[in-house]
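Residues per chain, in single letters:
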Amino acid sequence: MTTIVPRWEWRAFGRSFGSAEDALVPISPERTEEGDETYLVSGVSANVKVRDDLMDVKLLREVDADGLERWEPVMKQGFPLATKDVSEVLEALDVPAPKLTRATYTLAAFLNELIRPSDLARAVNVHKRRNRFTVAGCMAELADVVADERSTRTIAIESEDAEAVIAAVRAIGLGGHTNTSYPRGLAALIDDEPARSAVIDVGTNSVKFHIGERDGSGRWHTILDRAEITRLGEGLHERGEIGREALERTLIAIQAMLDDAEREGARAIAAVGTAGLRMARNGDDVLASIRERTGIGVEVISGEVEARLAYLAARAGLDLGEGSLVVFDTGGGSSQFTFGRGSRVDERFSVEVGAVRYTERFGLADTVTPEVLGEAQAAIADDLSRLDGRPPPDALVGMGGAATNIAAVHHGLTTYEPEVVQGTVLDRGEIARQIELYRSRDADARRAIAGLQPKRSDVILAGACIVATVMDKLGARTVTVSDRGLRHGVLVDRFGA
């Protein structure tokens, strides 16, 4: 008799899986299978299907701390089914068994007499084309699925070893997706539940959060977008590490965002970290603390990856034509630059030029003299020497908190309006006007300026100086502001265009 070994399973559904699918490209499929199945979907977690004229039933026995599910096969029986087997199937589906009038049931009789008349279970016709792989010692599957004429994709990893499954999931960049069984995934598909995904961007100065919902045409719509200034990089340049208070503020913000994601029904969450976590010598300890407290793993991305994702976000959100383009994203600890033409990326890099660094070095949170301001601008120019000697681009796009706050102040927005900020064009005169506005006031006085986020009042002068210096270095008369940032690029990259 064959021994049945329950396996730990992980699965996600979606139109595409972005870079995770790319991770499977170098791995040749061990085999490809195509076929038709009928799933019986009810409100319970039992996995009940008919394949190759066999009734196949698996029951969920355990869910571990990482959300992995351990499924146990309990039936694989050919038709016609005896009444005992029929009763077991109905029990698994939590469908009350009527009086069984037959000694045995063919598939047609089972569906027509016991399933279709019930409003507690549905028969869903499913066509699958499955590619099978081995990833980190685990069985993996990438499949195209059509269920009752609705299409989706699913990616799955399973093994007897739960730790191996989690390691494989993280290895191909899917750690943020919610583990979704076939019954739940099919129910969401045929009920047209919206596909929502979330991104958390853990930056040096702020933690940004975005939930997007993708419509039937593949376009993303914003469900929730906000930021919390937590100052994760506070004192980082002096100490070389992230402090406990800054970490605690960041942990609270991340947990609140995860709660929002769950409440809004996000099926997947990607969390990325940037310059502050790249630079801190205790970065690994910080990441471990975030995972222990919140359960989310934060992927620290390189400056080059950050720049590529920012470029992707800018291209997706603005009509920029096909000419030469420079996209820069300046944050609290670094600035990312991407040079390209149209959709083609030619060069990308990151430099340690961030608003927090110069604010702390030159005391830019207070009123400063023109001489001190000049020293700060000279230091920024020196640190941006990599921009020297480049031809002016056809378009320059700025993103990040400095650029969007400057745009909001330009419009005098008492309440931030993303649709107004998006695509705002700022000239050098406006940037110079705002630099003087901030220079002549300390952080407390700046909070009264319409459009300026109060928690950004201490770093806005440094941020504006960085924007002005970038424009000068590149010979750009104007800069177009993108309200979309790294988090939007991650959304497209990880969860599909």
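## Points about helix 9 (residues 283-294)
Link 1 in the chain: Taking 1.5 Å per residue as the helical rise, helix 9 with its twelve residues ought to reach 16 Å, and the 16 Å between its terminal C-alpha atoms agrees with that figure.
Link 2 in the chain: Within the span of helix 9, buried status applies to Gly283, Val286, Ile290 and Thr294. Relative to the axis of helix 9, the buried residues are bounded by an arc of 60° and lie together on one face. Exposed side of helix 9, more than 90 degrees from the buried face: Asp284, Asp285 and Glu292 are the residues found there.
Link 3 in the chain: Buried residues belonging to helix 9 abut helix 7 (244-263) and helix 8 (275-279).
Link 4 in the chain: Directly beyond the C-terminal end of helix 9, a positive phi value near 85° is found at Gly295.

## Overview of the nonpolar core
Link 1 in the chain: Phe337, Tyr358, Leu396, Tyr438 and Val470 are the most contacted members of the largest nonpolar core, which totals 50 residues.
Link 2 in the chain: Sorting elements by how many residues they give to this core places helix 17 (residues 460-474) first, with eleven residues.
Link 3 in the chain: Discounting chain neighbours no more than four positions away, the residues touching Tyr438 are Val409, Arg446, Ile449, Leu452, Ile460, Leu461 and Ala464.
Link 4 in the chain: In this structure, Val202, Leu247, Leu251 and Val298 belong to the second largest nonpolar core, which totals 24 residues.

## Some words on the sheet that holds strand 1 (residues 7-14)
In a beta sheet, neighbouring strands pair by backbone hydrogen bonds and run either parallel or antiparallel.
Link 1 in the chain: Here we have eight strands rolled up into a closed barrel, ordered 1-5-4-3-2-8-9-10, and antiparallel in their pairing. Within this sheet the neighbouring strands show an average axis-to-axis angle of 35°, counted without direction.
Link 2 in the chain: The pairing of strand 2 (residues 31-42) with strand 3 (residues 47-51) spans three bridges and is classified as antiparallel. Its bridge partner being in strand 3, Leu40 is matched across the sheet by Val48.

## A look at the confidence of the model for the protein chain
Link 1 in the chain: Here the protein chain shows a mean pLDDT of 91. Residues at 70 or above account for 98%.
Link 2 in the chain: At the low end of the mean pLDDT range in the protein chain sits helix 1 (residues 19-24), at 76; at the high end sits helix 17, at 98.

## Details of unusual backbone geometry
Link 1 in the chain: Here the residue pair Phe79 and Pro80 is connected by a cis peptide bond, since its omega of 5° sits within 30 degrees of zero.
Link 2 in the chain: The residue Pro80 is located in the loop between strand 5 (69-78) and strand 6 (81-82) in this model.
Link 3 in the chain: A positive phi is found at Asp94, a non-glycine position, where the angle reads about 60°.
Link 4 in the chain: Mapped onto the elements, Asp94 comes out in the loop between helix 2 (83-93) and strand 7 (104-105).
Link 5 in the chain: Residues other than glycine seldom take positive phi values, yet Arg231 does so here, at roughly 55°.
Link 6 in the chain: Position of Arg231 among the secondary structure elements: in the loop between strand 13 (220-229) and helix 6 (236-239).

## Some thoughts on the packing of helix 13 (residues 401-411) against helix 15 (residues 428-439)
Link 1 in the chain: The contact between helix 13 and helix 15 brings their axes to 11 Å, and the two run at 90°. Taken together, the axis directions place helix 13 and helix 15 in an arrangement best described as roughly perpendicular. The residues of helix 15 that touch helix 13, namely those facing Ile406, Val409 and His410, are Glu430, Ile431, Arg433, Gln434 and Tyr438.
Link 2 in the chain: For the contact of helix 13 with helix 15, a count of residues per class yields four nonpolar, two polar and two charged.

## A word on the packing of helix 12 (residues 370-383) against helix 17
Link 1 in the chain: Contact pair helix 12 / helix 17: the axes reach a minimum separation of 10 Å and the direction vectors enclose 55°. Compared by their axis directions, helix 12 and helix 17 come out oblique. The hand of the helix 12/helix 17 crossing is right-handed. Contact residues: helix 12 offers Leu373, Gln377, Ile380 and Ala381, while helix 17 offers Leu461, Ala462, Cys465, Ile466, Thr469 and Lys473.

Cut-offs applied
Residue positions are given per chain, counting from 1 as you read along its sequence in written order. Note on the predicted model: pLDDT of at least 70 is required for a residue's local features to be given, and 80 or more for side-chain atom pairs to be given and counted; whole-chain, interface and lining totals, by contrast, use all residues. Excluding hydrogens and water, the side-chain figures rest on all heavy atoms present in the structure. Per the convention used, a helix needs a DSSP run of H or I reaching at least four residues, while a strand needs a run of E reaching at least two, with both numbered from the N terminus. Working rule for helices: expected span equals 1.5 Å times residues minus one. Using a 1.4 Å probe on the protein chains alone, a residue whose accessible area is under 20% of its type maximum counts as buried, one over 50% counts as exposed, and one in between counts as partly exposed. The arc in question is the one spanned by the directions pointing from the helix axis to the C-beta atoms. Residue contacts are defined here by distance: any two heavy atoms, one from each residue, within 4.5 Å place the two residues in contact. To form a nonpolar core, buried Ala, Val, Leu, Ile, Met, Phe, Trp, Tyr and Cys residues must be joined to one another through side-chain atoms within 4.5 Å. For two strands to pair, DSSP has to find at least two bridges joining them. Inter-axis angles, ranging from 0 to 180 degrees, are taken between N-to-C directions of lines fitted to C-alpha atoms, where helices are fitted over the stretch in contact. Summary of the metric used: pLDDT quantifies the predictor's per-residue confidence within the range 0 to 100. Orientation labels follow simple angle bins: below 35 degrees gives roughly parallel, above 145 gives roughly antiparallel, 65 to 115 gives roughly perpendicular, and whatever is left gives oblique. Charged means Asp, Glu, Lys or Arg here, nonpolar means Ala, Val, Leu, Ile, Met, Phe, Trp, Tyr, Cys or Pro, and polar covers whatever is left, Gly included. Take the far helix as the reference: if the near one is turned anticlockwise from it by less than a right angle, the crossing is left-handed, and if turned clockwise, right-handed.

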